[in-house]
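Read off the chains here:
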Amino acid sequence: MGFARTCSVALVGVEGVLVEVQADLEPGVAAFTLVGLPDKSLTESRDRVRAAVVNSGAEWPQKKLTVGLSPASVPKSGSGFDLAVAAAVLGATERVDPRVLADIVMIGELGLDGRVRPVRGILPAVLAAADAGYEQVVVPESAAAEASLVPGVSVLGVRSLRQLIAVLADEPVPEEPPDQQGRPDPLLAGLRMPGTGAATGMYGGAAAQHDTGHDLADVVGQTGARTALEVAAAGGHHLFLSGPPGAGKTMLAERLPAVLPRLDRAASLEVTAVHSVAGLLPPGKPLIDTAPYCAPHHSATMQALVGGGPGAARPGAVSLAHRGVLFLDETPEFSGRVLDALRQPLEAGHIVIARSAGMVRYPARFLMVLAANPCPCGRFSRRDQLCECSPAAVRRYQARLSGPLLDRVDLRVEVDRVTRAELAGRGGPGDSTATVADRVRAARERAAARLAGTPWRANSEIPGRELRGTWHPAPGALDEAERCLERGVLTARGLDRVLRVAWTVADLVGHDRPDATDVGLALQLRTGVPRGVPMAVGARA
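Keep in mind that this is a model prediction, so the values were computed, not measured.

For the overall build of the protein, give the residues involved together with the corresponding values.
A count of helices and strands for the protein gives 24 helices and 17 strands. With the C-alpha coordinates aligned to their principal axes, the bounding extent of the protein is approximately 85 × 50 × 45 Å. Burial analysis of the protein (541 residues in total) assigns 51% to the buried set. Counting contacts in the protein only where the partners sit at least 6 residues apart, residues at least 24 apart contribute 71% of the total. Accessible surface for the protein amounts to roughly 23600 Å². Of this, 52% is attributable to carbon and sulfur atoms. Counting 58 positive and 58 negative side-chain charges, the protein places the averaged centre of each group 6 Å from the other.

So what's going on with the pattern of salt bridges? Residues and values would help.
Per the counting criterion, the structure on display carries 31 salt bridges. A salt bridge links Glu 109 to Arg 117, with the shortest nitrogen-to-oxygen separation between them at 3.7 Å. Like Arg 117, Glu 109 is buried. The closest approach of N and O atoms between Asp 340 and Arg 343, which form a salt bridge, is 3.2 Å. Linked through salt bridges whose partners overlap, the residues forming this network are Glu 347, Asp 407, Arg 408, Asp 410, Arg 493, Arg 497 and Arg 526.

Could you give an account of the packing of aromatic side chains, naming the residues involved and the relevant values?
Counting across every chain of the model gives 1 aromatic pair. Aromatic side chains Phe 32 and Trp 60 sit 5.5 Å apart centroid to centroid with 45 degrees between the ring planes, which places their arrangement in the tilted category. Of the two residues, Phe 32 is situated in strand β3 (residues 31-35) and Trp 60 in the loop between α2 (45-55) and β4 (64-70); the sequence distance between them amounts to 28 residues. Note on accessibility: Phe 32 and Trp 60 belong to one class, buried.

Which residues make up the environment of Leu 495, and what values go with them?
Note on placement: Leu 495 falls in helix α22 (residues 492-509). C-alpha separation for the pair Leu 495 and Leu 523, spaced 28 residues apart in sequence, amounts to 9.0 Å. With sequence-adjacent residues up to four places away left out, Leu 495 is seen in contact with Ala 481, Leu 485 and Leu 490.

Give me the environment of Val 74: which residues, what numbers.
Structurally, Val 74 is set in the loop between β4 and α3 (82-92). With relative accessibility at 15%, the residue Val 74 sits in the buried group. Along the chain, Val 74 and Gly 36 lie 38 residues apart, while their C-alpha atoms are 7.9 Å from each other. Residues contacting Val 74, with those up to four places away along its chain left out, are Val 17, Gly 36 and Leu 37.

Lay out the packing of helix α9 (residues 223-235) against helix α10 (residues 249-259) in plain terms, naming residues and giving numbers.
At their nearest, the axes of α9 and α10 sit 10 Å apart, and the two run at 40 degrees to each other. The way α9 lies across α10 gives a crossing that is right-handed. Contact with α9, carried on its side by Ala 225, Arg 226, Leu 229 and Ala 233, involves Leu 252, Leu 256 and Val 259 of α10 and no other residues of that element. Looking at the contact of α9 with α10 residue by residue, the classes come out as 6 nonpolar, no polar and 1 charged.

Could you give an account of the side chain of His 322, with specific residues and numbers?
Here His 322 lies in the loop between α13 (317-320) and β13 (325-328). Polar contacts involving the side chain of His 322 include one to the main-chain amide nitrogen of Arg 365, which spans 3.0 Å. Excluding anything up to four places from it in sequence, His 322 contacts Glu 270, Val 271, Pro 292, Pro 363, Ala 364 and Arg 365.

So, the nonpolar core: which residues are in play, and what are the values?
In terms of nonpolar packing, the biggest core is built from 57 residues, with Val 231, Leu 239, Leu 241, Val 369 and Leu 525 touching the most fellow members. Broken down by element, this core gets its largest block of residues, 9 residues, from α22. With residues up to four places along the chain from it excluded, the contact list for Leu 241 reads Ala 225, Lys 249, Leu 252, Val 369, Leu 370, Ala 371, Ala 372, Val 413 and Val 415. Membership of the second largest hydrophobic core comes to 39 residues, among which are Val 21, Leu 65, Val 116 and Ile 165.

Describe the packing of α9 against helix α19 (residues 433-450), naming the residues involved and giving the relevant values.
Two numbers describe how α9 lies on α19: the axes approach to 8 Å, and their chain directions differ by 40 degrees. Judged by the inter-axis angle, α9 sits oblique to α19. Read as a crossing pair, α9 and α19 show a hand that is right-handed. Counted together, Glu 230, Ala 233 and Ala 234 of α9 and Val 436, Arg 439, Val 440, Ala 443 and Arg 444 of α19 form the full contact between these two elements. A class-by-class count of the residues in the contact of α9 with α19 yields 5 nonpolar, no polar and 3 charged.

Run through α2, naming residues and quoting values.
Given 3.6 residues to a turn, an α-helix orients residues that are three or four positions apart in the same direction. Taken together, the buried positions of α2 are occupied by Ser 45, Arg 48, Val 49, Ala 52 and Val 53. Taken end-on, α2 shows its buried residues confined to a sector of 125 degrees, consistent with a single buried face. Close packing links the buried residues of α2 with β3, α1 (40-43), α3, β6 (109-110) and α7 (161-168). Downstream of α2 by a residue or two, Gly 57 has a phi angle that is positive, lying close to 90 degrees.

Account for the environment of Leu 69, naming residues and giving values.
Mapped onto the secondary structure, Leu 69 falls in strand β4. The exposure class of Leu 69 is buried, given its relative accessible area of 3%. A C-alpha to C-alpha distance of 9.1 Å links Leu 69 and Ala 23, two positions 46 residues apart in sequence. When neighbours within four sequence positions are excluded, Leu 69 is seen to be in contact with Val 19, Glu 20, Val 21, Leu 34, Val 35, Gly 36, Leu 42 and Lys 76.

What counts, and where the lines are drawn
Residues numbered from 1 in each chain as written. Predicted model: local features only at pLDDT ≥ 70, side-chain atom pairs only at ≥ 80, totals over all residues. Heavy atoms only, no water. Helix = DSSP H or I, 4+ residues; strand = E, 2+ residues; numbered from the N terminus. Buried < 20%, exposed > 50% of the residue type's maximum accessible area, 1.4 Å probe, protein only. Contact = heavy atoms within 4.5 Å. Areas by Shrake-Rupley, 256 points an atom, 1.4 Å probe, with all protein chains shown as cover. Lys, Arg positive; Asp, Glu negative; His and termini not counted. Charge placed at Lys NZ, Arg CZ, Asp CG, Glu CD. Salt bridge = Lys/Arg side-chain N within 4 Å of Asp/Glu carboxyl O. Phe/Tyr/Trp six-rings, centres within 6.5 Å; stacked < 30°, edge-to-face > 60°. Axes fitted to C-alpha atoms, helices over the stretch in contact; angles between N-to-C directions. Left-handed = near helix turned anticlockwise from the far one by under 90°. Nonpolar A, V, L, I, M, F, W, Y, C, P; charged D, E, K, R; others polar. Polar contact = N/O pair within 3.5 Å; in protein donor to acceptor, adjacent residues only side chain to side chain. Core = buried A, V, L, I, M, F, W, Y, C linked by side-chain atoms within 4.5 Å. Parallel < 35°, antiparallel > 145°, perpendicular 65-115°, else oblique. Arc of directions from axis to C-beta.

In structure tokens, the structure reads:
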């Protein structure tokens, strides 16, 4: 009787569970049994592993073979267990030393010819292995850079099962021919989840890659909207842009990721883990260190926006936008149920997807930007009478955005129609992306110094109780905001959000704490009612 064991990782969302892969050989009729709650794709690994072992020059055992995946109570899916199963079988046949396999975690899919193919979720799987105390990991060669992001783990990237056998048996490692240059890598085919990618607007990566050649200075006019965009970036506040078509709402939202500061190491690993599970890591860039940008179409389903789907729950747009920007253009055209599903992740910073097989938790702390026309025809305005919609039609259109959702939005700005003088450039260009990004970075540094020793990173994350009890504005600064609360213009949550925005404005202009002018600008950005406060933050800095 032969026995061997090694380890692999089962992913539940972006969290990994260590799985011990055991292989047992007994005398009897040749058979291959796989147990341990595998799904269909994992059950089919029996044929893949057999063909890969034989085509790699090893002998397949003609005995009763049982492979167990422990713990058996955890559902296991995907093809990433192939490499561990093959290694355990080879250890049971003593082709390699079983003692060598016990302390190694193996992740990868096998082709019928023995090639090792990459799988989704390499980074969270290696993170789980490191947390469990394992120091050696074997992954596909193309995913070795991603796995190497985890400190304290020795990563071995292999191109084929033959190479792995040679390494484990201390034999000369055979050379594998490289893939043909100039053609798409066949090993990466199918790695991306269906229904995701650039075609749906759900993708991540460097903001510079998404916004090449574009600058915030390209936006004509829109002083108030540009100020709101800067405040949103500096404090992580949600933003609602309302205005006619062609006014620049989409241009502003597309330039927001480049204004946000680069992600720190912890945030980069969080974002990379989500995109790795979704199979959306940019080629040649295993670590995402800039804010992702996701802009799903208004026909997106609930599963596309918040996650889910058949089988294993997949991350949705709210998770792909983690630590970045989620832009919902034509927001009233989205389903009401889909929009209301955003309330929980907006407050909690994560999304929990419940299924019959269990619950999956994905991170979802994003900066939401909503854009909408003021009416069905898009020409409704308080300044002119160009709109042809009836008052009832305007009310119905604006009522598609529920009050509870809008109450969670800190900044609401009307984007006016661009005038001929502004198009002619008579007012001069606005600040560039680099200039605004410098001010945002300085404001974030002030907030980080103030929040040192707390679990929060930005003003928008501070609970209202802590904000009111620990950090106090200047005396009398909140008088106008409290009067708005008494008149019903603001809710209690709205007052807290005004205070958060006021702290962000103070950080942008260099004040130690918000004064009446900072709170007045925050109120103006929150309610949309002019209060005689200058909207140009850069001029006050």
